[in-house]
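An overview of the molecular structure
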Amino acid sequence: MADPIHILITGGAGQVGLELQAAAWPEGVVLHALTRAELDLGDAASVRAAFAATPYAAVINSGAHTAVDKAESEVAAAFAANAMGPAVLADATREAGIPLIQVSTDYVFDGSKDGPYVETDPVGPLGVYGASKLAGELAVRAGNPRSVVLRTAWVLSVHRANFLKTMLRLAADRPALRVVGDQHGCPTSARDIAQALKTIALTMIADADAPTGVYQFVNAGETTWAGLASEIFALSAATGGPSATVEAIPASEYPTPARRPTNSRLSTEKLTRDYGIAPRPWQAAVAEIVHELHAERTLP
């Protein structure tokens, strides 16, 4: 019998971390999905202790300080989780001779481009969250040559808090909602992100010469937050769930502590070319999530 393949997953309690655990992995793969309480990425000693205890074959870092607005006032915490943590992981994985896959974000861009961003476009984060994630990208790329940074955007799932679940919750009490309509992006299923990460990790474990560098994954197509809300409510109404009418408003009428990119569209052509990963349309991904949430509500 072949030796087990141990894979460390950070952020085990997050949307992507939970979907990574739910994915169908090959026989012999053992996942170690740790929460922040179990593995403190800001503590180098904690990371090195984890590596000493288990011979990992790869690490997927899906853990992060993701509270975009709170990051504006929690600068140290954001950089500890999003920059220092990945730096420690990069050192530990390089020393162990194993690949590191780092999840990143569209917030590394300023949103001023007219069209989908490609991996080589100039970065320019608008706030602390984006700056801290960019610092994490740079730390990973500098610290471990066998690394992949996977940027994604507008993450949705049946787990945790996200835009889709917030819209359904609000629609249960309000007949109409005002939603930002001048920010464009690609709604993306955490399940699909997990599948992409799984493919990348298994490929890098099997092939020491597998492609490295920065990649992007989002579901196919684009919309606005208002357009996404309308699609969510149409799907929900069809299942007898909560729905509301949507009024599209400019972002200027919904001020937040952190500025958001006006354009969060990401090209996935490089990932398809190098890893054969072709994302499905965002509408199909959103429909799957809405239907699962509906099934959970109606099961006895």
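Up top is the structure these notes are about.
All of the points below concern the structure found in this document. (Residues numbered from 1 in each chain as written. Predicted model: local features only at pLDDT ≥ 70, side-chain atom pairs only at ≥ 80, totals over all residues. Heavy atoms only, no water.)

Structural notes on helix α8 (residues 225-238)
Keep this limit in mind: Secondary structure counts use DSSP, requiring at least four H or I residues in a row for a helix and at least two E residues in a row for a strand, with both numbered from the N terminus. The span you would expect from a helix comes to 1.5 Å times its residue count less one.
Between the first and last C-alpha of α8 there are 20 Å, a value that for 14 residues agrees with the 20 Å anticipated at 1.5 Å per step. Gly 240, located one to two residues past α8, shows a positive phi value of around 85°.

Re the packing of helix α2 (residues 44-53) against helix α4 (residues 75-96)
How two helices sit against one another is set out by the angle between their axes and by the gap between those axes. Let me state the cut-off plainly: Fitted lines through C-alpha atoms give the axes, limited to the stretch in contact for helices. The angle between two N-to-C directions lies from 0 to 180 degrees. Reported orientations rely on four angle classes, namely roughly parallel under 35 degrees, roughly antiparallel over 145, roughly perpendicular from 65 to 115, and oblique for the rest. The hand of a helix crossing depends on one turn: near helix anticlockwise from the far one by less than a right angle means left-handed, and clockwise means right-handed. Here, residues are in contact when the closest pair of their heavy atoms is within 4.5 Å. For this classification, Asp, Glu, Lys and Arg are treated as charged, while Ala, Val, Leu, Ile, Met, Phe, Trp, Tyr, Cys and Pro are nonpolar and the rest, including Gly, are polar.
Contact geometry of α2 with α4 gives a least axis separation of 10 Å together with a crossing angle of 30°. With respect to their mutual orientation, α2 and α4 come out roughly parallel. In this structure, the crossing between α2 and α4 has a hand that is right-handed. Across the interface between the two elements, Ala 44, Val 47, Arg 48 and Phe 51 from α2 touch Val 88, Leu 89, Asp 91, Ala 92, Thr 93, Glu 95 and Ala 96 from α4. Of the residues belonging to the contact of α2 with α4, the class tally is seven nonpolar, one polar and three charged.

Structural notes on the packing of α4 against helix α5 (residues 128-143)
Direction vectors running N to C along α4 and α5 enclose 10°, while the axes themselves pass 8 Å from each other. Taken together, the axis directions place α4 and α5 in an arrangement best described as roughly parallel. On α5, the residues that touch Val 75, Ala 78, Phe 79, Asn 82, Ala 83, Pro 86, Ala 87, Ala 90 and Arg 94 of α4 are Val 128, Tyr 129, Ala 131, Ser 132, Lys 133, Ala 135, Gly 136, Ala 139, Val 140 and Gly 143. Its residues placed into classes, the contact of α4 with α5 shows 13 nonpolar, four polar and two charged.

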